[in-house]
Amino acid sequence: MIEDIIKYIKSENLNKNLLTKSYKNKLYYAVKQPDGFIKVVLPFVFTNKKFLKLKNYKDGVEGATQRVIETIKENVNKFPELAGFFRLRYKELYEPLTVVNCDLNFGFNLWRADRFNYIEDDKIYLLLRIILDKKEPKDIAKRIDEISFEIDKIINNIDINILIEEAKNIIDQKYLRSMLEKLNLVSFIANGSKPAREYSDVRKHYRIAGPKKINIPFECPKELEPLKIKLKYREVEGLGIKEKEIFIITGRNAQGKSTLLQAIESGQDDHLIGDGREFIITTKSLSKASTGFMEMRGEDISLFFEKLPEGIKGSPKEVYGTASGSMVMAYQIQRAIKLGKRLVLIDEDSSAVNLLVEGLLNKKFEGVKPLSYIIRKEREKLKETGFIIVTSSLDLLTALGDRAICIENHRANYLDLKKFREELSNYYKQLSEEIKDDNLNRRKIS
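Residues numbered from 1 in each chain as written. Predicted model: local features only at pLDDT ≥ 70, side-chain atom pairs only at ≥ 80, totals over all residues. Heavy atoms only, no water.

## Details of the overall build of the protein
From N to C terminus, the protein includes 11 helices and 21 strands. If one aligns the C-alpha atoms of the protein with their principal axes, the spans along those axes are about 90 × 50 × 45 Å. Relative to its 446 residues, the protein shows a buried fraction of 52%. Long-range pairs, those at least 24 residues apart, make up 72% of the contacts in the protein with a sequence separation of at least 6. Put simply, the protein shows about 22800 Å² of open surface, and 48% of that area lies on carbon and sulfur atoms. (Helix = DSSP H or I, 4+ residues; strand = E, 2+ residues; numbered from the N terminus. Buried < 20%, exposed > 50% of the residue type's maximum accessible area, 1.4 Å probe, protein only. Contact = heavy atoms within 4.5 Å. Areas by Shrake-Rupley, 256 points an atom, 1.4 Å probe, with all protein chains shown as cover.)

What follows is the structure in structure tokens.
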């Protein structure tokens with residue numbers, strides 16, 4: 001069917017150079033959907049002489065490309081076929097996207113800047129996916145010509161200055177990420193950043209989710225001495241999280257702690273203007289540690305485990321069997337340290353608590369050295385790896401941090417850890433006296 005459709009297409013924008021045998025059924029094809037509609041995929045190329053001005057900003061040209069794509073999506077009412085007639089199953093064709101250069105495969109089916117959608121010289125190459133209700137190849141080709149004409153008009157009416165600003169924006173994000181190590185930082189959170197995310201049916205992961213309408217801007221507490229950093233096209237100010245630092249994000253439930261941690265992780269990606277996370281920039285030398293289950297095949301968890309529980313074979317240096325959540329987390333952290341990762345992210349909500357803080361029973365029966373013990377007694381074993389840890393109830397771990405913020409009403413406040421440690425010490429003393437009282441809150445069992 002695709003060959004019959006191409007035969008009738010008159011548009012000069014059709015990229016005939018890619019209509020080769022090797023690309024058939026990959027870059028161009030036509031297929032009848034279960035609902036009776038015809039899906040046609042074809043490569044196009046559009047010319048705009050103003051794109052030549054982007055040559056001076058080629059390191060950020062993917063930002064300009066994505067802005068062109070988003071502009072086409074915004075005008076999709078002119079050609080609903082490009083959005084599958086707005087049917088839910090085709091939503092990914094026109095779903096807004098403000099993420100550029102995401103290393104992971106989240107939202108792989110969304111229309112985005114990539115190796116098939118890019119600007120080069122005075123041309124933009126686009127892979128169009130079109131859903132049509134027409135049956136005859138000649139009618140399909142005619143409508144594709146009309147869509148191509150409309151898209152060409154949109155592309156040639158785009159303000160080149162907007163595209164230049166998007167390119168500058170991406171260049172500065174890349175530049176800041178490249179500067180982190182020189183600045184002895186693993187992450188930077190610019191003042192004014194908006195971490196809260198809005199999810200949709202096809203953007204279910206925070207890395208590709210868009211900005212939430214109600215979004216409280218981040219401001220670095222003055223006590224943490226906000227950094228000012230001069231980039232190529234702007235200056236940014238905000239919180240710098242240092243190498244090898246134990247940085248704590250704490251606060252009550254549902255205050256935005258995990259959201260901020262997710263934004264920090266998303267700092268590995270680049271973002272369009274308006275995403276809210278443009279200058280939350282994080283090293284790509286990053287790992288996450290969380291609880292889970294996995295089959296161990298000789299993994300090393302000896303940093304945390306001095307002995308293995310019954311049912312697990314091998315030794316702490318070479319474990320075999322189905323691991324518990326804490327063992328999985330131990331492996332993830334130890335592996336990150338071994339690989340020389342500069343940053344590990346931990347969220348209490350998805351963690352094995354017995355691996356994070358010390359307790360009498362796990363010390364007595366399991367032979368576990370939790371992270372709190374290693375920070376207190378064996379900090380050198382963490383080597384070059386720093387940690388950002390989200391916690392609300394693990395006071396001991398908070399007390400062992402190097403610096404901390406407390407999120408309250410979705411705003412970052414300075415937490416004086418010296419004062420917190422004194423308060424926690426007094427609290428423990430009072431608690432210990434109460435625990436010694438064997439009659440404390442006990443009911444007599446008759």
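Back to the write-up after that little detour.
## Focus: a positive patch on the surface
The grouping of Lys10, Lys134, Lys138 and Lys142 at the surface amounts to a positive patch. Position of Lys138 among the secondary structure elements: in helix 3 (residues 137–157). (Patch = residues over 30% accessible without salt bridge, like charges linked within 9 Å, V, L, I, M, F, W, Y side chains within 5 Å. Salt bridge = Lys/Arg side-chain N within 4 Å of Asp/Glu carboxyl O. Lys, Arg positive; Asp, Glu negative; His and termini not counted. Charge placed at Lys NZ, Arg CZ, Asp CG, Glu CD.)

## Quick notes on the pattern of salt bridges
Enumeration over the complete set of coordinates arrives at 30 salt bridges. With a closest N to O distance of 2.8 Å, Glu81 and Arg143 form a salt bridge. Taken together, the residues Glu81 in the loop between helix 2 (61–74) and strand 3 (99–100) and Arg143 in helix 3 connect sequence positions 62 residues apart. A salt bridge links Glu378 to Lys381; the shortest N-O distance between them is 3.2 Å. For Lys381, a relative accessible area of 34% gives the class partly exposed.

## Brief notes about the side chain of Thr391
Inspection of the secondary structure assignment puts Thr391 in strand 19 (residues 386–391). Take Thr391: its relative accessible area is 1%, and that puts it in the buried class. Not counting residues within four places of it along the chain, the set of residues in contact with Thr391 comprises Ile248, Ile249, Thr250, Gly251, Lys257, Glu348 and Thr398.

## With respect to the pairing of strand 11 (residues 246–251)
Counting buried residues along strand 11, six of its six residues qualify, which places the element largely inside the surrounding structure. Going residue by residue along strand 11, you find Ile246, Ile248 and Thr250 tucked away on one face and Phe247, Ile249 and Gly251 tucked away on the opposite face as well. Inspection of the sheet shows strand 11 paired to strand 19 by five bridges, in the parallel sense. By the bridge assignment for strand 19, Ile246 is matched with Phe387. Of the pairings in the sheet, the one linking strand 11 to strand 20 (residues 403–408) comprises five bridges and is parallel in character. Bridge pairing links Ile248 to Ala404 in strand 20. (Pairing = 2+ DSSP bridges.)

## Examining the packing of helix 2 against helix 3
Two packed helices can be described by the angle between their axes and the distance between those axes. Orientation of helix 2 relative to helix 3, taken along the N-to-C sense of each, is 125°, at an axis distance of 10 Å. As the angle between them shows, helix 2 and helix 3 are arranged oblique. With respect to the hand of their crossing, helix 2 and helix 3 are arranged in right-handed fashion. Contact with helix 2, carried on its side by Val68, Thr71 and Ile72, involves Ile151, Ile154 and Ile155 of helix 3 and no other residues of that element. Looking at side-chain class alone, the contact of helix 2 with helix 3 contains five nonpolar, one polar and no charged residues. (Axes fitted to C-alpha atoms, helices over the stretch in contact; angles between N-to-C directions. Parallel < 35°, antiparallel > 145°, perpendicular 65-115°, else oblique. Left-handed = near helix turned anticlockwise from the far one by under 90°. Nonpolar A, V, L, I, M, F, W, Y, C, P; charged D, E, K, R; others polar.)

## Let's talk about the packing of aromatic side chains
Summed over the entire model, instances satisfying the criterion amount to five aromatic pairs. Residues Phe37 and Phe85 carry aromatic rings whose centres are separated by 5.4 Å and whose planes lie at 65° to one another, so their mutual orientation is edge-to-face. With Phe37 in the loop between strand 1 (29–32) and strand 2 (38–47) and Phe85 in the loop between helix 2 and strand 3, the pair connects residues that are 48 residues apart, well separated along the chain. With relative accessibility at 26%, the residue Phe85 sits in the partly exposed group. Centre to centre, the rings of Tyr57 and Tyr233 are 6.1 Å apart; their planes meet at 55°, and the pair counts as tilted. In this pair, Tyr57 sits in the loop between strand 2 and helix 2 while Tyr233 sits in the loop between strand 9 (227–230) and strand 10 (235–242), placing the two residues 176 residues apart along the sequence. When its relative accessible area of 17% is taken as the criterion, Tyr57 is described as buried. (Phe/Tyr/Trp six-rings, centres within 6.5 Å; stacked < 30°, edge-to-face > 60°.)

## Here's the deal with a negative patch on the surface
On the surface, Glu223, Asp416, Glu422 and Glu423 cluster together to form a negatively charged patch. Here Glu223 is to be found in the loop between strand 8 (210–211) and strand 9.

## Details of unusual backbone geometry
The backbone of Glu225 sits at a positive phi, close to 55°, despite the residue not being glycine. Topologically, Glu225 is positioned in the loop between strand 8 and strand 9. Residue classification places Glu225 among the exposed positions, given a relative accessible area of 62%. If you check the backbone angles, His410 has positive phi at about 65° while not being a glycine. For His410, the location among the structural elements is in the loop between strand 20 and strand 21 (411–414).

## Considerations on the pairing of strand 2
When you tally the buried positions in strand 2, you get nine out of 10 residues, the bulk of the element. Taking the residues that link successive antiparallel strands as the turn, the strand 1-strand 2 hairpin has five residues, and the phi of Gly36 there is positive, at about 95°. Bridge analysis of strand 2 against strand 5 (residues 123–132) gives 10 bridges, and the strand direction is antiparallel. The residue of strand 5 that forms the bridge with Val40 is Ile130.

## As for the sheet that holds strand 16 (residues 313–315)
Within a sheet, each strand pairs with its neighbour through backbone hydrogen bonds, oriented either parallel or antiparallel. Taken in spatial order, the three strands line up as 15-17-16 in an open sheet, and their pairing is antiparallel. If you trace the sheet from one side to the other, it starts and ends with strand 15 (294–299) and strand 16, each paired once. Here the strands of the sheet are splayed against their neighbours by 25° on average, with no regard to which way each runs. Relative to strand 17 (residues 318–323), strand 16 runs antiparallel, the two sharing three bridges. Residue pairing for strand 17: Lys313 is matched across the bridge by Tyr320. The strands touched by helix 6 (residues 325–338) within the sheet are strand 15 and strand 17, with strand 15 carrying the most contacts at an inclination of about 50°.

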